[in-house]
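Letter by letter, the chains look like this.
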Amino acid sequence: SSAKTNSISGMTQISLSKDASTMFFTSQIKGGYDLFELRFPLERTSFDSLPLTKFKISEKDNLNQLSSNKIIGIKDTNKAQKLIGYGKAVEIEFSRQQIIQPNKEISQLQREPTESTFALYDNANIEDIIADTALTPVQDYKISFSNDIILSNASFNTFWGYQGITQMLFSDMLGDHQIYFQANLFLDLRNSNFLLSYTYLPDIIDWQVSAQHNVGFGYSYRANSSYVYLYRFRNFGLNASGSYPLSRFRRIELGTNWLNLSKENIEDPTEPSITKNYLVAESKMVFDNTAPGWYGPSQGTRYSIGIKATPKLSENTSGFASLNGDFRQYFTVSEDLLWFAIRGTGGLAFSTNPDQRFYFVGGTDNWINRSFANNTLPFQEPEDFAFMNYALPLRGWSVNERNGSKFFLMNAELRFPLFRALLAGPIPVMIQAFQGALFMDIGTAFTNDFSTKLAMPGDTFKYFYPQSGDILMSTGIGIRSFLIGLPIRVDIAWRNQYIGWSEPQWMFSIGGDF
């Protein structure tokens, strides 16, 4: 075979057009991957020898520059040496002897410069010269960032105005330093979300510092009023954290946050806004030895235990502490045919403000056709938007069916493949890799009083059935697949209510494991 290209880097992700006139591929250059186009690749002329690349030319120029410096060289020791005898009657046998050569560095210092500088290196391999620290001293590593990924889209409409999402990740050649930026533009900068972080990775402890600005909107009752208004909840702050591995599967995470929280009435600007400052410390221990599967782990254990606390800094703030735990176990019942996953999670919190809530349950993450219990979110104070945790999934129930300072939740799923023939094939399809799941969810959130009876949805039904309790339970069947690269979930859930089973609830969402 003959050479077609003088590329010294790997050429990957090769894509050829139908008429074979154009080929695209990726290759590494200057520490990052770029996209290249090659015209008429099958018609390129073959060469017995190809011209040098820019990299090889620069190496040759460096060698020539070193040779022209006329630094102290070494005599050619390959030439035959004349031996001086000790008389006609004396003969010495040198055929089995080796002449010991002087140390290279010493000989360079003791001898005068000669015209045959670098005579020994004329036919030497250039890599050997570069590896010689006497000729090419070791240079300090210089950090140079290149973009790993940049994703962005923008839009405008007459109702919402300007919108857009941007994600950027930059890293150095060794991957020791990473800079990440994310922006979710909405109306203007004041109403948009931003995140900027720097991660330091070369040592055993991974350090990260970040700054964020988060905004959310929600309807809430005005203080001492029965009217509902649209409020803007906003927080911005700084974060510093570290992650220390105890073993291959276990690590400890520590972090501290400074947050500025605010709440503003969008519909009635005459209502005074509320602003508070918090300093929060948190710690978490994480264990994870799971093996990946189709849409989530296929076997192994994953659990975490975390503590979060903040002191009371002023009269209008509260001090609190919370403890949260999450345990998950995955089983492979039959290889590539049947998997079982079970999860248990819970938490409790204590605050100087007895009315502060920390958890709300109901629904699932990234729920497209979502519904809200009583058409509201449990955001009354700025702390609710910043610190309240969304415990999920509880499929079949609306978001915020229950909330409080304590919660527990259990999930179980039996997973199995569907239409495995679509997992791969020569013909691309829009929807791939179907997986089915039978699931059951049970849990609730509460503060003080708690009833073990089955619940009814919303305040209206609870009013008509005062004997109903707080346990939220559901079961159903689901289908998981990939649609244009996105993990899509379709679940049909039935609520187990105080008065019996409900009608089926169809839920469409995006995501993988619970």
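Just above, that's the structure.
Residues numbered from 1 in each chain as written. Predicted model: local features only at pLDDT ≥ 70, side-chain atom pairs only at ≥ 80, totals over all residues. Heavy atoms only, no water.

Nonpolar side chains tend toward joint burial in soluble globular proteins. Residues Val361, Phe387, Leu394, Phe407 and Leu472 are the most contacted members of the largest nonpolar core, which totals 18 residues. Looking at this core, the elements that each hand over two or more residues are strand E10 (250-265), strand E11 (274-288), strand E16 (359-361) and strand E19 (406-418). In contact with leucine 472, other than residues within four places in its own chain, are Val361, Leu394, Trp397, Glu401, Arg402, Asp441, Ile442, Gly443 and Ala455. Counting nine residues, the second largest nonpolar core, distinct from the first, contains Tyr229, Tyr231, Phe233 and Trp367. (Core = buried A, V, L, I, M, F, W, Y, C linked by side-chain atoms within 4.5 Å. Buried < 20%, exposed > 50% of the residue type's maximum accessible area, 1.4 Å probe, protein only. Helix = DSSP H or I, 4+ residues; strand = E, 2+ residues; numbered from the N terminus. Contact = heavy atoms within 4.5 Å.)

Turning our attention to the pairing of strand E14 (residues 320-334). Note that strand E13 (residues 297-310) and E14 share 11 bridges and pair antiparallel. Along E14, the bridge assignment pairs tyrosine 303 with phenylalanine 327. Sheet analysis places E14 next to strand E15 (residues 338-351), joined by 14 bridges and oriented antiparallel. Looking at E15, one finds that asparagine 324 is bridged to glycine 347. Between E14 and E15, which pair antiparallel in sequence order, lie three residues; one of them, aspartate 336, sits at a positive phi of approximately 65°. (Pairing = 2+ DSSP bridges.)

Our next topic: the sheet that holds strand E17 (residues 389-391). Taking strand neighbours across the sheet as the criterion, the three strands line up as E17-E16-E18 in an open arrangement whose pairing is mixed. The sheet is open, and its two borders are formed by E17 and strand E18 (402-404), each paired with just one other strand. For this sheet, the mean angle separating the axes of adjacent strands, direction not counted, is 20°. Across three bridges, the pairing between E16 and E17 is parallel. (Axes fitted to C-alpha atoms, helices over the stretch in contact; angles between N-to-C directions.)

Turning to the sheet that holds strand E3 (residues 32-39), a few remarks are in order. Pairing in this open sheet of three strands is antiparallel, and the strands run E1-E2-E3 from one edge to the other. Where the open sheet ends on each side, the last strands, each with one partner, are strand E1 (12-16) and E3. Taken over all neighbouring pairs, the strand axes of this sheet differ in orientation by 20° on average, direction set aside.

Put simply, the largest pocket is a space of about 1200 Å³. Forming the walls of the largest pocket are 46 residues, and the residues nearest its centre are Glu282, Lys284, Lys308, Asn324 and Asn389. Sort the elements by how many residues they give to the lining of the largest pocket and strand E8 (residues 206-221) lands first, with six residues. Along the lines of polarity and charge, the residues of the lining of the largest pocket split into 18 nonpolar, 20 polar and eight charged. (1 Å grid on protein atoms, 1.4 Å probe; cavity = no way out; pocket = protein on both sides within 12 Å on 5 of 7 lines; lining within 4 Å. Points joined across faces, edges and corners; volume = space filled by probe spheres on them. Nonpolar A, V, L, I, M, F, W, Y, C, P; charged D, E, K, R; others polar.)

This brings us to unusual backbone geometry. Working note: non-glycine residues mostly have negative phi, and peptide bonds are mostly trans. In this chain, leucine 392 is followed by proline 393 through a cis amide linkage whose omega measures 5°. Structurally, proline 393 is set in the loop between E17 and E18. One non-glycine residue with positive phi stands out, namely alanine 20, at about 60°. Tracing the backbone shows alanine 20 in the loop between E1 and strand E2 (22-29). At asparagine 366, a residue that is not glycine, the phi angle is positive and equals roughly 50°. Mapped onto the elements, asparagine 366 comes out in the loop between E16 and helix H4 (382-387).

Relative to E11, E10 runs antiparallel, the two being bridged by 14 bridges. Across the sheet, leucine 254 pairs through a bridge with serine 283, a residue of E11. Both E11 and E13 contribute to a ladder of eight bridges, which runs antiparallel. What sits directly across from phenylalanine 287, in E13, is tyrosine 303.

The rolling of a water-molecule-sized probe over the atoms marks out the regions of remaining empty space. The tally for this structure, following the rule as stated, stands at two cavities of 30 Å³ or more. Together, Gly293, Trp294, Tyr295, Gly296, Pro297, Ser298, Trp339, Arg415 and Gln435 line the largest cavity. Looking at the lining of the largest cavity, its residues break down into four nonpolar, four polar and one charged. Within this model, the second largest cavity holds a volume of roughly 40 Å³. Lining the second largest cavity, in full, are Lys308, Phe320, Ser322, Phe358, Phe387 and Asn389. Residue composition of the lining of the second largest cavity, by class: three nonpolar, two polar and one charged.

Let us look at the packing of aromatic side chains. The tally for this structure, following the rule as stated, stands at 21 aromatic pairs. A ring pair is formed by tyrosine 295 and phenylalanine 482, whose centres lie 4.9 Å apart and whose planes are at 20°; its orientation type is stacked. With a gap of 187 residues between them, tyrosine 295 in the loop between strand E12 (291-292) and E13 and phenylalanine 482 in strand E21 (residues 472-483) connect regions that are remote in the sequence. Classification of tyrosine 295 as buried rests on a relative accessible area of 10%. Taken together, the ring pairs connect Phe233, Phe360, Phe379, Phe385 and Tyr390 into an aromatic cluster. Seen from the ring of tyrosine 231, lysine 263 lies directly overhead, with NZ or CZ sitting 4.4 Å from the centre. Lying across the ring of phenylalanine 514, arginine 415 places its NZ or CZ 5.2 Å from the centre. (Phe/Tyr/Trp six-rings, centres within 6.5 Å; stacked < 30°, edge-to-face > 60°. Lys NZ or Arg CZ within 6 Å of the ring centre and 35° of its normal.)

What follows concerns the environment of methionine 11. With respect to the helices, strands and loops of the structure, methionine 11 is situated in the segment before E1. We classify methionine 11 as partly exposed; its relative accessible area is 29%. Residues methionine 11 and phenylalanine 25 lie 14 residues apart in sequence; the distance between their C-alpha atoms is 6.2 Å.

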